[in-house]
Amino acid sequence: MTFFSWPLAIGYLILAPFIGGFFDGLDRKISARMQGRTGPSVFQSFYDVSKLLQKESKMVNHLQQFLVCGFLVFVVFTGVLFFAGADLLMIFFALTLAGIFYVLQASSANAPFSALAVQRELMQMMAYEPMVLLTAVGFYVVTGSFAVREISLADRSAICLMPGFFLGFIFIMIIKLRKSPFDVSTGHHAHQEVVQGLNSDLSGPVMALVEVSHWYENVFLYGVIGLFILNNQLWSVPVALVVCFLVFFLEILIDNVCARVKWQLMFRSTWIFTIIAGVINLLVLILFHLGVK
Amino acid sequence: MAKVSKSPWVLHYDGASCNGCDIEVLACLTPMYDAERFGVINTGDPKHADIFLVTGGINEQCKDVVKQLYEQMPNPKVVVAVGICACTGGVFKETYNILGGVDTVIPVDVYVPGCAARPESIIDGIVKGIAVLDQKREAMKQGKLPELNVEDISEDGKEQASANEAQNAEAETTANAGEESK
């Protein structure tokens, strides 16, 4: 049986901010413990957003507000499509569109730090996009369908035939979760090289919208991790949840171990890793006719 | 008890400081003191900041920078002067190239004395700043937030500064209490 249907999509729409916000707080708590600190409350992200909503809004221009709303709408759209069981290619393109809205809001600010952040963010998107698209192709080769609903109904978990894609996706998750590299991402650390990256010229309620969008995005990304595990057996659901937790912990660990990765290293290593993990896995699948077709 | 803000984001600016206080400010974020347990984030962006932490005296070169940073911060906002130089000008008070403390340029809410200010008193100052932040947030909700005119202060700095000092005597004593308790 599959859980990917409209009720789940509506559940995502309502619950994702709470789940995403809680795990964002848990992330900071675990990070703090890894560094030997007490760390903030696990509900810190909610305190931050409620504070931001009460602040005065200092807008650079009105277009920026529109573009941030576009970012939120398309991130939510991506997640809803995914949990409704729609086409994986369309989902990934919707995610990219959301990313473009996010970049455009910073480029509309016409400020030096935002301009620098835009350049680096585009570089970053260039680094991770090949792996995202390869993942969609991998799912198609293995299950014969791009539809999330049908992928989750396969006889065996996709990860059995696509471990390389799984590792590759974990690798780009580091970038997508805005953990590393430190001189591009906008995490909650003393990242100060490009001030706050794409968020440099946002303030108050608009900044809060960006935070909520990231929560939606993160829940969706862990959904993709779960999709690697799900099959038509019911036991695959708890296993998928456990794997999501393990990946969550692993991402925090990588973030803390590689705290000072710069964008040059990110760019090179991501493409090399995409080729080693993703492309070789795809070649093996095609050459040995391991997939459905 | 006043509702205490749980998410004070701090902007740290070094005026004409000797870096002694700056090292202590950074020490607040280390595992030893861990100011993040109060939700403090050391942000580099004035547009995200709630608390403006200034160290060192103010001179002609950094005067405009401090004013600009203050104006870029969205309301409600609080200024904390860290170290005796930021409070009054300290040993440089009478020198020709120092204008004096931070309050000669922007209104200061909390004074944290010390040379260098100890991390404990800096955290005390931030916590006191959080309380002021909440008062200002309530005032803002009721539309009562006084329009703080930066230009007025810079024109006759000393008089305004002394007025500010009187207003914030309570704040100062609290920050002092942290110091004396040791």
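As a reminder, the structure under discussion sits directly above these lines.
Counting starts from 1 at the beginning of each chain's written sequence and moves along it residue by residue. Whichever chain is written first becomes A and whichever ligand is written first becomes 1, with later ones labelled in order. Only residues with pLDDT of 70 or above have their local features reported here, since the model is predicted, and side-chain atom pairs are shown and tallied only from 80 upward, although totals for entire chains, interfaces and linings are computed over all residues.

Caption draft 1: Local environment of the interface of chain B and chain A. Listed as interface residues are 18 residues of chain B and, on the opposing side, 26 residues of chain A. The element that contributes the greatest number of residues to the side of chain B that touches chain A is strand β2 (residues 41–43) of chain B, accounting for three residues. Under the grouping applied here, Gly and all other residues not named as nonpolar or charged are polar, the nonpolar ones being Ala, Val, Leu, Ile, Met, Phe, Trp, Tyr, Cys and Pro and the charged ones Asp, Glu, Lys and Arg. Residues belonging to the side of chain B that touches chain A are distributed by class as follows: three nonpolar, eight polar and seven charged. Whether two residues are in contact depends on their C-beta atoms, placed from the backbone: they are in contact if these lie within 7 Å. Helical segments are the DSSP runs of H or I of at least four residues, strand segments are the runs of E of at least two, and each set is numbered from the N terminus.

Caption draft 2: Focus on helix α4 (residues 119–141) of chain B. Residue and element names in this part refer to chain B. Helices are assigned an expected span. That span is 1.5 Å times one less than the residue count. Over its 23 residues, α4 extends 33 Å from the first C-alpha to the last, a length consistent with the 33 Å expected when each residue adds 1.5 Å. Along α4, the positions that sit buried rather than exposed are Ser-121, Ile-122, Ile-123, Asp-124, Gly-125, Ile-126, Lys-128, Gly-129, Ile-130, Val-132, Leu-133 and Lys-136. Directly after α4, the chain includes Gly-143, whose backbone phi takes a positive value near 70°. Exposure classification rests on a simple neighbour count of other C-beta atoms within 10 Å of a residue's own: a residue reaching 20 or more is buried, one at 12 or fewer is exposed, and one in between is partly exposed. C-beta atoms are placed from the backbone.

Caption draft 3: Broad picture of the environment of Ala-32 of chain A. Assignment of secondary structure puts Ala-32 of chain A in helix α1 (residues 6–34). Residue class for Ala-32 of chain A comes out partly exposed when judged on the 18 C-beta atoms lying within 10 Å of it. Taking the C-alpha atoms as reference points, Ala-32 of chain A and Asn-256 of chain A, 224 residues apart in sequence, are found 9.6 Å from one another. When residues no more than four places from it in sequence are discounted, the contact partners of Ala-32 of chain A are Arg-37, Thr-38 and Gly-39 of chain A together with Glu-36 of chain B.

Caption draft 4: Broad picture of the sheet that holds strand β7 (residues 110–112) of chain B. Residues and elements named next belong to chain B. Only strands joined by at least two bridges in the DSSP assignment are considered to pair. The five strands lie next to each other as β2-β1-β3-β5-β7, forming an open sheet whose pairing is parallel. Of all the strands in the sheet, just β2 and β7 have a single pairing partner and so form its edges. On average, adjacent strands in this sheet sit at an angle of 30° to one another, irrespective of strand direction. In the sheet, strand β3 (residues 51–55) pairs with strand β5 (residues 78–82) via five bridges, with the strands oriented parallel. Each bridged residue has a counterpart across the sheet, and for Phe-52 the counterpart in β5 is Val-79. Note on method: axes are straight lines fitted to C-alpha atoms, helices fitted across the in-contact stretch only, with angles between N-to-C directions ranging 0 to 180 degrees. Lying on the sheet, α4 is in contact with β1 (9–14), β3, β5 and β7; it crosses β5 at an angle near 160°.

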